[in-house]
Amino acid sequence: MSAHLKAVGLKKSYWKGKNEVPVLRGVDLEIERGELVAVVGASGSGKSTLLHILGLLDSADWGKVYLNDKRIDDASERARDRLRNRAFGFIFQFYHLLPELTALENVQMPALIGNGFLSYMANRAAMKRDAQELLDRVGLARRGSHYPSELSGGEMQRAAIARALFGRPEVLLADEPTGNLDSKSGENVLTLLRDLNRERGLTMILVTHDMQIAQQADRVVRLCEGRVEEWSPALA
Ligand code: ADP
Ligand code: MG
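Since the structure is predicted, the reported quantities are computational estimates derived from the model, not experimental observations.

Caption draft 1: Inspection of the side chain of Thr49 at higher detail. Topologically, Thr49 is positioned in helix α1 (residues 47–54). With residues up to four places along the chain from it excluded, the contact list for Thr49 reads Lys12, Tyr14, Val23 and Leu24.

Written out as structure tokens, the structure is:
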């Protein structure tokens, strides 16, 4: 079976003045369709950098990214924008909700960004219905008119998950999605992600430094010294 998402030989460095600081030194990774893979590694090991490169939020210095066997990292700016909007959904540690929009409006943001205001206005009833369905699914049926400041951390992350799902992505990329939550809310968010992975066959990459969380994934890979290695409980 061919991989859904594949990285080949990714290299990325940052520069501190004249000093090269290598972060990724040749990362190879294959994710199957519907797989939930956890990426672990120490703080600063390059987990976010890798996730951003896979989702086209950042680019590597070297190497290739494939989605459904098609190379995507070298696509045109416009094609990359479309992929970022349609193929990938992103979830961040600090939610990145817009404070001046309600939960329901936040969920619809990808449509506004991806299709433009006029197209959004033409379809707004359907958009609103879709957004409400997603809020229902993540357990926020009655929170649509609330602003982020009126939601708990767990609720904000649920709204962010609904937003990530809004464009019907194939791949969900989550960067420490429970990192800012207390353990109970974190557990609930993880259960939600796990359920969404199963029921929608969503391919998911979950960055975390929490081994408890990582072990609920189908597979765990560890970033260490700029490369990924398969991790198994036997190695712990
Ligand atoms: P992680 O998510 O595993 O904590 P990151 O991918 O955020 O790690 O960062 C990996 C390394 O790259 C860190 O040493 C970090 O300081 C450095 N880094 C990340 N982003 C930048 C940037 N924009 N400019 C310079 N250095 C960066
Ligand atoms: Mg990070």
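That covers the picture; the talk isn't over yet.
Caption draft 2: Quick look at the nonpolar core. Counting 42 residues, the largest nonpolar core has Ile161, Leu172 and Leu193 as the members making the most contacts within it. Elements supplying a minimum of two residues to this core: β3 (36–40), α3 (103–115), α5 (124–137), α6 (153–166), β7 (171–175), α7 (183–200), β8 (203–207) and α8 (211–214). In terms of residue count, α6 provides more of this core than any other element does, 8 residues in total. Aside from chain neighbours lying at most four places away, what touches Leu193 is Ile91, Ile161, Leu172, Pro177, Met204 and Leu206. By size, the runner-up hydrophobic cluster in this structure holds 29 residues, among which are Val23, Leu24, Leu51 and Ile53.

Caption draft 3: Structural detail: the pattern of salt bridges. Under the counting rule described, the total for this entry stands at 12 salt bridges. Here Arg194 and Asp218 are joined by a salt bridge, their closest N and O atoms 3.2 Å apart. Taken as a pair, Arg194 in helix α7 and Asp218 in the loop between α8 and β9 (219–224) lie far apart in primary sequence, 24 residues in all. For Arg194, a relative accessible area of 12% corresponds to the buried category. Linking Arg200 and Glu199 is a salt bridge whose minimum nitrogen-to-oxygen distance equals 3.7 Å. Taking the relative accessible area as the measure of exposure, Arg200 reaches 42% and is therefore partly exposed. Three or more residues joined by partner-sharing salt bridges are found here, namely Glu35, Arg219 and Glu230.

Rules used in this analysis
- Residues numbered from 1 in each chain as written.
- Chains lettered and ligands numbered in written order.
- Predicted model: local features only at pLDDT ≥ 70, side-chain atom pairs only at ≥ 80, totals over all residues.
- Heavy atoms only, no water.
- Helix = DSSP H or I, 4+ residues; strand = E, 2+ residues; numbered from the N terminus.
- Contact = heavy atoms within 4.5 Å.
- Core = buried A, V, L, I, M, F, W, Y, C linked by side-chain atoms within 4.5 Å.
- Buried < 20%, exposed > 50% of the residue type's maximum accessible area, 1.4 Å probe, protein only.
- Salt bridge = Lys/Arg side-chain N within 4 Å of Asp/Glu carboxyl O.

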